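Listed here are the chains, written in short residue letters.
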Number of protein chains: 4
Amino acid sequence: MSWNTFGRVLRMTTWGESHGPALGAIIDGCPPGLLLTEADIQPFLDARRPGQNKFTTQRQEPDAVRVLSGTFEGRTTGTPISLMIENVDQRSKDYAEVANAYRPGHADYAYDAKYGFRDYRGGGRSSARETAARVAAGAVARLVIPEVRIHAYVVEIGGDAIDREHFDADAIDANPFWCPDRAAAGRWAAAVDAARRDGSSLGAVVECVAYGVPAGWGAPIYGKLDADLAAAMMGINAVKAVEIGDGFAAARVTGEQNADPMQPGPQGPVFGANHAGGIAGGISTGQPVVVRVGFKPTSSILTPVDTIDREGNAAEIRTRGRHDPCVGIRGAPVVAAMMALVLADQKLLHRAQCGGAEIAP
Amino acid sequence: MSWNTFGRVLRMTTWGESHGPALGAIIDGCPPGLLLTEADIQPFLDARRPGQNKFTTQRQEPDAVRVLSGTFEGRTTGTPISLMIENVDQRSKDYAEVANAYRPGHADYAYDAKYGFRDYRGGGRSSARETAARVAAGAVARLVIPEVRIHAYVVEIGGDAIDREHFDADAIDANPFWCPDRAAAGRWAAAVDAARRDGSSLGAVVECVAYGVPAGWGAPIYGKLDADLAAAMMGINAVKAVEIGDGFAAARVTGEQNADPMQPGPQGPVFGANHAGGIAGGISTGQPVVVRVGFKPTSSILTPVDTIDREGNAAEIRTRGRHDPCVGIRGAPVVAAMMALVLADQKLLHRAQCGGAEIAP
Amino acid sequence: MSWNTFGRVLRMTTWGESHGPALGAIIDGCPPGLLLTEADIQPFLDARRPGQNKFTTQRQEPDAVRVLSGTFEGRTTGTPISLMIENVDQRSKDYAEVANAYRPGHADYAYDAKYGFRDYRGGGRSSARETAARVAAGAVARLVIPEVRIHAYVVEIGGDAIDREHFDADAIDANPFWCPDRAAAGRWAAAVDAARRDGSSLGAVVECVAYGVPAGWGAPIYGKLDADLAAAMMGINAVKAVEIGDGFAAARVTGEQNADPMQPGPQGPVFGANHAGGIAGGISTGQPVVVRVGFKPTSSILTPVDTIDREGNAAEIRTRGRHDPCVGIRGAPVVAAMMALVLADQKLLHRAQCGGAEIAP
Amino acid sequence: MSWNTFGRVLRMTTWGESHGPALGAIIDGCPPGLLLTEADIQPFLDARRPGQNKFTTQRQEPDAVRVLSGTFEGRTTGTPISLMIENVDQRSKDYAEVANAYRPGHADYAYDAKYGFRDYRGGGRSSARETAARVAAGAVARLVIPEVRIHAYVVEIGGDAIDREHFDADAIDANPFWCPDRAAAGRWAAAVDAARRDGSSLGAVVECVAYGVPAGWGAPIYGKLDADLAAAMMGINAVKAVEIGDGFAAARVTGEQNADPMQPGPQGPVFGANHAGGIAGGISTGQPVVVRVGFKPTSSILTPVDTIDREGNAAEIRTRGRHDPCVGIRGAPVVAAMMALVLADQKLLHRAQCGGAEIAP
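Residues numbered from 1 in each chain as written. Chains lettered and ligands numbered in written order. Predicted model: local features only at pLDDT ≥ 70, side-chain atom pairs only at ≥ 80, totals over all residues. Heavy atoms only, no water.

Under an unreviewed UniProt entry, the name given to chain A is Chorismate synthase, and the source organism is Tsuneonella aeria. For chain A, the Sequence similarities (unreviewed entry) comment in UniProt is given as "Belongs to the chorismate synthase family." Regarding chain A, the UniProt comment filed under Pathway (unreviewed entry) reads as follows: "Metabolic intermediate biosynthesis; chorismate biosynthesis; chorismate from D-erythrose 4-phosphate and phosphoenolpyruvate: step 7/7." (UniProt positions renumbered as here; feature names shortened; annotations may be inferred.)

Spelled out as structure tokens, the structure:
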């Protein structure tokens with residue numbers, strides 16, 4: 001993928017800074033005739049929206065999306081879909097301190113090293129606020145893959161994992177952590193609140209499963225479905241790790257332990273396990289596609305950290321502003337959006353190459 | 001990246017099947033004037049070459065590379081560099097059984113589901129043999145980044161990890177496992193040999209570090225350096241997991257524990273830690289770039305596994321052929337090649353956008 | 001180029017319909033540090049703006065551009081630059097008739113055939129109004145190539161060509177036809193006014209010359225500078241022909257007549273002619289880059305034309321609405337913008353591959 | 001398109017120099033299951049092959065193509081198709097003179113200016129010999145569009161045009177000029193032979209028509225079918241001009257004269273004319289797609305021309321070697337191949353976005 005564009009056939013281009021007037025996404029290559037209004041997008045933005053409870057940043061953004069092009073009488077026309085979200089609650093004065101000194105773990109120093117200077121207000125382009133555009137675009141991508149259901153949820157915060165025995169899909173939307181284990185959600189509430197009060201932060205692991213993906217999506221060799229997912233997830237702010245299916249655990253077992261045996265079934269093979277996470281050779285197998293994503297703890301903490309300023313002098317910084325104590329929580333809707341974007345793109349790509357009987361003799 | 005092409009500015013396109021007459025790579029966008037002959041590429045292919053000891057597949061391939069275009073009088077001309085490696089030791093009869101039944105964990109079923117049929121000889125295009133082309137292309141990419149040194153080594157086989165206290169860079173090339181811990185290499189020899197004799201297989205974790213990457217490489221938002229690395233690594237055969245820096249471990253700690261403090265240094269900042277693995281906001285920070293890659297155990301095992309045949313009937317399969325008992329071992333040179341390709345591409349991409357004073361007023 | 005994105009390294013993505021709320025462009029890959037405000041863009045939009053005299057459509061659009069992202073304190077940051085232009089003067093009722101019947105020569109039928117339906121208001125996405133976004137993006141591209149001066153002017157309307165003997169560069173901005181020959185401008189005024197009054201239309205030829213392009217820009221084989229220009233120009237609404245240098249005239253002469261001899265000069269070669277239009281082998285030679293572009297007459301005419309309606313029945317249509325009697329006139333600023341976009345992209349591409357001494361040994 | 005790759009979904013990457021060991025093409029994204037052997041490609045190469053009569057260069061190249069990957073049991077597998085053609089008749093000594101001095105009109109000076117040096121043997125990568133790879137790839141592209149018939153023929157040599165009244169499609173293959181007018185073919189034989197004997201050269205115009213293209217192919221705005229054709233044709237060696245349908249002639253008439261009226265027909269609209277050349281708004285209309293391409297006279301002539309050498313000193317050059325006296329003649333098969341590649345790519349692209357009912361609700 002290239003700079004600010006993601007995808008090959010269904011392509012999203014995003015723009016906008018944390019403290020600019022607005023941000024947005026262009027979705028190009030979307031099939032025509034799909035029903036689409038702002039109401040199809042807004043719920044996904046609302047799920048990602050900040051300021052909804054004490055476990056996320058207190059920045060208040062309505063994140064109201066406008067569809068500026070690409071639809072006519074409520075349907076997609078096949079032309080580029082322009083989505084715009086205005087920024088409302090900007091407090092640029094919060095960032096006076098970081099204008100000069102680099103926040104360790106943030107993109108501050110790297111952006112200056114690359115571009116020579118940077119828009120320091122709220123992290124500028126490197127702010128997680130950009131992910132609102134991805135979530136909006138992901139809502140459009142979902143329309144392209146109506147056969148697929150995507151679940152994203154948090155399975156671990158600060159090293160405290162859910163109990164898989166108590167996995168309850170209905171719990172996911174019933175707590176502010178997208179947690180499928182009610183007991184874990186309770187423990188996390190205490191832990192995240194403590195981190196917030198201390199000005200500290202916690203890492204998290206998000207899992208995402210796509211049900212209904214048929215066998216055959218994925219474009220080997222350098223556009224494999226798992227490679228696309230890896231890029232999509234690693235490109236989310238604060239993500240440092242991605243695994244498919246059993247992931248690193250598969251690296252620790254034998255071939256016998258990692259086998260996914262197949263048996264005949266009424267609608268294609270029935271698999272005896274899903275260690276592979278629904279992908280073999282870079283192509284979907286018809287099993288659920290499973291990806292797990294590791295988010296580092298938010299780098300913005302109140303504890304002073306040694307750093308340098310723009311002139312290279314020693315400095316010390318503690319990040320005030322308004323931040324998520326655990327950025328992985330609000331990462332879950334972003335992970336789901338990227339899953340939708342990857343799958344929709346691969347579906348159309350598959351259709352391009354293998355899409356019909358009209359060529360074969 | 002798109003299908004069989006990897007990269008944006010420095011772009012590699014590979015072709016070829018396991019049992020076809022040859023395989024190869026085209027490298028496009030390479031800067032002109034670089035010294036390049038077959039001798040610059042062959043050592044990297046030799047490192048990946050099969051059949052060199054009992055711990056890898058016994059297929060005997062000289063993997064002799066020819067440079068068919070793109071150089072003149074020993075230098076790159078800026079035109080496409082065509083590399084070709086002939087296949088020599090093909091035993092297609094080994095694959096009679098797999099022509100009909102799907103090997104679980106292999107790409108067999110997925111390829112059939114996607115394309116309608118497949119070249120089953122040795123896995124066809126999905127064979128790890130394709131990675132020879134990547135290694136050859138990676139050797140060219142290294143010429144583009146002479147300032148960078150890349151080390152790739154195995155840190156874990158079958159769940160048995162190296163002892164970081166005994167890390168010895170000189171040991172890496174001195175054992176058949178690219179293992180930096182001599183004691184672990186000894187244990188692995190026994191374990192891999194046992195797996196080989198039993199017709200079993202083992203997973204592995206490869207670590208790769210690039211030294212000398214300056215701050216500023218990486219193209220946010222959807223061409224981040226870490227996202228590129230994730231795609232590059234996840235696209236290698238048998239890889240199921242990728243992490244940058246501390247990776248999943250970072251998801252289990254607090255912001256204080258994960259901080260990489262900076263202090264002034266004579267040539268830019270000196271970092272107090274490298275939890276980030278040398279990348280922030282998708283851009284290199286000047287620290288070593290660190291990636292870790294999880295390889296599943298080879299799916300080809302002698303233990304019979306339930307499967308189905310092309311007609312959908314129940315079947316049982318045990319994979320004979322010649323296979324690596326631990327495909328991660330030979331993965332190390334491939335990981336290094338992909339690191340080189342990603343870095344070289346990002347270097348040129350950075351030069352395109354930020355490459356000189358001749359634009360700025 | 002792909003769908004709604006143009007360029008490789010400096011990439012423009014445009015969006016918007018003739019009668020939607022707005023239209024815009026995202027410019028990605030722009031070097032950082034360039035001075036950029038709305039004031040750098042607006043004059044180019046003003047030159048293309050409709051409704052300025054009786055020779056163009058009477059639609060009144062202020063075409064006021066807003067920069068929504070990608071700059072900070074008046075300079076480009078290296079992140080995507082989002083430009084937006086609101087539509088103001090829409091009279092969708094003008095288009096009731098064309099909702100059902102296809103206007104011959106317009107994109108109406110083709111869009112329906114492709115997408116199944118279309119936004120018929122003002123031509124929707126196929127409207128020449130989209131070129132406002134290109135002109136805005138072109139203004140940004142010009143900042144990337146300060147060494148280049150671009151002149152675009154009309155050399156022929158309705159078969160009446162300028163007299164090259166009377167070419168006067170100062171005349172170009174002094175008449176509503178961008179005509180470098182004052183006498184021809186007078187004749188054209190009469191002809192275009194007559195066509196306007198009759199509800200007829202006229203074709204035109206635009207010539208564009210870029211001075212100051214150094215030798216070496218262009219990316220053979222499939223990204224040649226002339227191939228890029230051909231695509232850029234042919235993609236402009238109503239364009240049916242493109243030629244470089246002498247173009248079709250070169251096809252009618254001998255090699256001796258078409259030679260561009262070279263002699264030594266103080267700053268590189270001095271050429272005895274420029275039949276080649278400044279490009280050889282797809283690469284600039286240092287001479288002025290010359291392209292000529294043929295615009296068909298506007299298809300919207302008052303004379304009734306046989307057509308069919310959406311149900312396939314015979315119909316007759318005469319296009320009312322507000323239209324340019326000679327769309328080629330307002331095409332000149334668009335041709336100039338596309339020239340700037342192509343050159344800026346090729347400059348950065350050249351810099352990526354051949355941009356410095358830091359690689360070569 | 002990017003450097004040495006052409007196409008978006010069906011993508012061709014070519015490599016090779018005039019005097020290297022071989023040249024070739026990789027075709028990626030080809031649908032699986034198509035019948036393909038060398039015998040499907042060779043006839044197209046034979047049509048382009050040099051040395052077949054006195055009107056083309058006397059270089060003797062068998063141009064025998066090998067399919068090195070991407071097929072299995074005579075069918076395409078969906079993986080990259082690698083085609084290779086070995087160079088046989090190289091006389092590098094012919095080029096000793098041009099190693100130092102630049103041939104005006106050739107790419108010599110531009111390549112040196114771009115890359116710092118060049119492979120001067122036979123023009124290296126800039127040689128028209130590269131088009132053999134395009135012709136081979138075009139033969140594969142034709143398999144993707146079995147519904148389309150492509151005719152390419154020469155309509156003008158040295159300013160002497162065919163008489164459209166005497167157009168005879170059966171004549172095209174019956175003379176060495178691909179000329180549809182037997183009388184013109186006779187005149188051209190004399191003119192080209194005279195040019196050959198004099199060491200001079202002549203320009204030519206090639207016309208190409210694709211029958212059977214359905215309405216709906218083309219990807220507005222920056223991947224329009226006509227824009228793709230313009231890039232494809234302008235990128236062919238020696239081409240300086242491209243027009244669609246009436247092209248420049250359309251710029252000289254009124255809207256009434258240029259109208260293509262539509263009437264109801266049994267299988268879609270029946271058009272009363274085809275001034276548009278089968279494309280409106282960048283999308284095919286169902287009419288024949290018509291493109292005309294202007295080739296300059298070969299720059300290699302025996303008449304001495306002023307030039308400079310690599311050190312910038314004045315020199316004089318007359319090009320010996322073996323050259324086509326009218327390169328446009330052998331351009332016809334290349335034009336046809338590029339037409340096939342563009343149409344096949346756009347067909348698959350259309351299928352990706354608009355390819356089926358399975359998405360729309």
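On we go from here.
## Brief notes about the overall build of chain A
When its secondary structure is counted, chain A shows 6 helices and 18 strands. Against the 2.2 N^0.38 benchmark of 21 Å for 361 residues, chain A shows a C-alpha radius of gyration of 21 Å, consistent with a compact globule. Once the C-alpha set of chain A is aligned to its principal axes, its extents read approximately 70 × 50 × 40 Å. Within the span of chain A, comprising 361 residues, buried residues form 66% of the whole. (Helix = DSSP H or I, 4+ residues; strand = E, 2+ residues; numbered from the N terminus. Rg over C-alpha atoms; globule rule 2.2 N^0.38 Å. Buried < 20%, exposed > 50% of the residue type's maximum accessible area, 1.4 Å probe, protein only.)

## Details of helix H2 (residues 108–115) of chain A
Among the 8 residues in H2(A), 7 count as buried, and that is most of the element. Of all the residues in H2(A), the buried ones are Asp108(A), Tyr109(A), Ala110(A), Tyr111(A), Asp112(A), Lys114(A) and Tyr115(A). Next to the buried residues of H2(A) lie strand E12 (262–263), strand E13 (270–271), strand E14 (279–280), strand E15 (283–284) and helix H6 (327–354) of chain B. Of the residues flanking the end of H2(A), it is Gly116(A), one or two places downstream, whose phi is positive at about 90°. (Contact = heavy atoms within 4.5 Å.)

## Considering the interface of chain B and chain C
Taken together, the contacts link 25 residues of chain B with 25 residues of chain C. Together, the buried faces of chain B and chain C total about 1900 Å²; carbon and sulfur atoms form 60% of this surface. Counting every contact that joins chain B to chain C gives 0 salt bridges. Across the chain B-chain C interface, the total number found is 9 residue pairs in polar contact (both at pLDDT 80 or more). Counting only elements with at least two residues in the side of chain B that touches chain C, the list comes to helix H3 (131–144) and H6 of chain B. By residue number, the principal contributor to the side of chain B that touches chain C is H6(B), which donates 6 residues. (Buried area = accessible area lost by both parts, 1.4 Å probe. Salt bridge = Lys/Arg side-chain N within 4 Å of Asp/Glu carboxyl O. Polar contact = N/O pair within 3.5 Å; in protein donor to acceptor, adjacent residues only side chain to side chain.)

## Topic: the interface of chain C and chain D
Much of the literature gives interface size as the accessible area that the parts lose upon coming together. In this assembly, 102 residues from chain C lie in contact with 101 residues from chain D. A combined buried area of about 7800 Å² lies between chain C and chain D, and 62% of that area is made up of carbon and sulfur atoms. Of all residues in chain C, the largest losses of buried area upon contact with chain D belong to Trp3(C), Tyr222(C) and Lys240(C), amounting jointly to 12% of the total for that side. Joining chain C to chain D, the criterion identifies 2 salt bridges.

## Considering the packing of helix H1 (residues 38–48) of chain C against helix H3 (residues 131–144) of chain C
Residue and element names in this part refer to chain C. Following both chains from N to C, one finds H1 and H3 inclined at 140°, their axes separated by 9 Å at the closest point. The orientation of H1 with respect to H3, classified from their angle, is oblique. Viewed along their axes, H1 and H3 form a crossing whose handedness is right-handed. Along the contact surface, H1 presents Asp40, Ile41, Phe44, Leu45 and Arg48, while H3 presents Thr131, Ala132, Val135, Ala136, Ala139, Val140 and Arg142. In terms of residue class, the contact of H1 with H3 is made up of 8 nonpolar, 1 polar and 3 charged. (Axes fitted to C-alpha atoms, helices over the stretch in contact; angles between N-to-C directions. Parallel < 35°, antiparallel > 145°, perpendicular 65-115°, else oblique. Left-handed = near helix turned anticlockwise from the far one by under 90°. Nonpolar A, V, L, I, M, F, W, Y, C, P; charged D, E, K, R; others polar.)

## What to know about the pairing of strand E8 (residues 149–157) of chain A
Two faces belong to every sheet, and in a regular strand the side chains alternate between them. All names here are of chain A. Counting buried residues along E8, 7 of its 9 residues qualify, which places the element largely inside the surrounding structure. Of the pairings in the sheet, the one linking E8 to strand E10 (residues 204–211) comprises 8 bridges and is antiparallel in character. The residue bridging Arg149 from the neighbouring strand is Tyr211, located in E10. Relative to strand E9 (residues 160–161), E8 is paired through 2 bridges, and the arrangement is antiparallel. Bridging from a neighbouring strand, Ile157 pairs with Asp160 of E9. Hairpin connection, E8 to E9: the antiparallel pair is bridged by 2 residues, and Gly158 has positive phi, about 55°. (Pairing = 2+ DSSP bridges.)

## Quick look at the relation of the copies chain C and chain D
Aligned on chain D, chain C shows an RMSD of 0.0 Å; the corresponding rotation is 180° and the shift along the axis is 0.0 Å. Taken together, the turn and the small shift mark the pair as related by a two-fold rotation axis. Most of the interface of chain C is mirrored in chain D, where 99% of its interface residues again form contacts. (Least-squares fit on C-alpha atoms with pLDDT ≥ 70 in both.)

## Comments concerning the UniProt feature "binding site: NADP(+)" (unreviewed entry) in chain A
Residues and elements named next belong to chain A. Under the present numbering, the feature "binding site: NADP(+)" (unreviewed entry) in UniProt falls on Arg48 and Lys54. Residue placement: Arg48 occurs in helix H1 (residues 38–48). With a relative accessible area of 3%, Arg48 lands in the buried category. Aside from chain neighbours lying at most four places away, what touches Arg48 is Asp63, Ala128, Arg129, Thr131, Ala132, Val135, Arg330, Pro333 and Val334. With respect to the helices, strands and loops of the structure, Lys54 is situated in the loop between H1 and strand E4 (65–67). Sequence-distant contacts of Lys54, defined by excluding residues within four places in its chain, comprise Asp193 and Arg196.

## Description of the sheet that holds strand E10 (residues 204–211) of chain B
Taken in spatial order, the 10 strands line up as E9(A)-E8(A)-E10(A)-E16(A)-E11(A)-E11(B)-E16(B)-E10(B)-E8(B)-E9(B) in an open sheet, and their pairing is antiparallel. Two strands lie at the open edges of the sheet, namely E9 of chain A together with strand E9 (160–161) of chain B, each paired on one side alone.

## Brief notes about the UniProt feature "binding site: FMN" (unreviewed entry) in chain A
This chain's UniProt record puts "binding site: FMN" (unreviewed entry) on Arg125(A), Ser126(A), Ser127(A), Asn237(A), Ala238(A), Gly281(A), Lys296(A), Pro297(A), Thr298(A), Ser299(A), Ser300(A) and Arg322(A). By secondary structure assignment, the location of Lys296(A) is in the loop between strand E16 (289–295) and strand E17 (305–308). Filtering out sequence-adjacent residues up to four positions away, Lys296(A) remains in contact with Gly105(A), Leu202(A), Gly203(A), Ala238(A), Lys240(A), Val327(A), Ala250(B) and Asn258(B). Polar contacts involving the side chain of Lys296(A) include one to the main-chain carbonyl oxygen of Gly105(A), which spans 2.8 Å. With respect to the element layout, Ser299(A) can be found in the loop between E16 and E17. With a relative accessible area of 16%, Ser299(A) lands in the buried category. In contact with Ser299(A), not counting residues within four places along its chain, are Pro104(A), Gly105(A) and His106(A).

## Some details on the sheet that holds strand E1 (residues 5–6) of chain C
Residues and elements named next belong to chain C. Spatial ordering of the open sheet is given by E1-E2-E3-E7-E4, a layout of 5 strands whose pairing is antiparallel. Every interior strand has two partners, whereas the edge strands, E1 and strand E4 (65–67), have only one. Of the strands in this sheet, E4 and strand E7 (81–86) are in contact with H1, which crosses E4 at around 155°.

## Here we look at the pairing of strand E3 (residues 22–28) of chain B
Residue and element names in this part refer to chain B. The element E3 is extensively covered by neighbouring structure, given that 7 of its 7 residues are classed as buried. A two-sided burial pattern is seen for E3, the buried positions comprising Ala22, Gly24, Ile26 and Asp28 on one face and Leu23, Ala25 and Ile27 on the other. Where strand E2 (residues 11–16) lies against E3, 6 bridges are found, and the strand directions are antiparallel. Counted as the bridge partner of Thr14 is Ala25 from E3. In this structure, E3 lies alongside strand E7 (residues 81–86), joined through 6 bridges in antiparallel fashion. Its bridge partner being in E7, Ile27 is matched across the sheet by Ile81.

## Comments concerning helix H6 (residues 327–354) of chain C
In an α-helix there are 3.6 residues to a turn, and that puts residues three or four apart on one side. All names here are of chain C. When the terminal C-alpha atoms of H6 are compared, their 40 Å separation across 28 residues agrees well with the 40 Å that a helix rising 1.5 Å per residue should span. At Pro333, H6 shows its maximal bend, which comes to roughly 30°. Counting buried positions along H6 gives 28 out of 28 residues, so the element sits mostly inside the fold. (Expected span 1.5 Å × (residues − 1). Bend = angle between axes of the 7 residues up to and from the residue.)

## A look at the confidence of the model for chain A
Overall, the predicted model of chain A reaches an average pLDDT of 93, with 96% of residues at or above 70. Complex prediction metrics read pTM 0.97 and ipTM 0.96. (pLDDT = per-residue confidence, 0-100.)

## Points about the packing of aromatic side chains
Given two aromatic rings, one states the distance between the centres and the angle between the planes to describe the pair. On inspection of all chains with the given rule, the structure shows 30 aromatic pairs over all chains. The rings of Tyr102(A), Tyr109(A) and Phe271(B) are connected pair by pair, giving a single aromatic cluster. Against the face of Tyr115(C) rests Lys114(C), its NZ or CZ located 5.8 Å from the ring centre. (Phe/Tyr/Trp six-rings, centres within 6.5 Å; stacked < 30°, edge-to-face > 60°. Lys NZ or Arg CZ within 6 Å of the ring centre and 35° of its normal.)

## Structural notes on the packing of helix H5 (residues 225–234) of chain A against helix H5 (residues 225–234) of chain B
Look at H5(A) against H5(B): their axes get within 7 Å of each other, and the N-to-C directions meet at 160°. The angle between H5(A) and H5(B) falls in the class roughly antiparallel. H5(A) and H5(B) meet at a crossing whose hand is right-handed. Listed contacts from H5(B) to Asp226(A), Ala227(A), Ala230(A), Ala231(A) and Met234(A) of H5(A) are Asp226(B), Ala227(B), Ala230(B), Ala231(B) and Met234(B).

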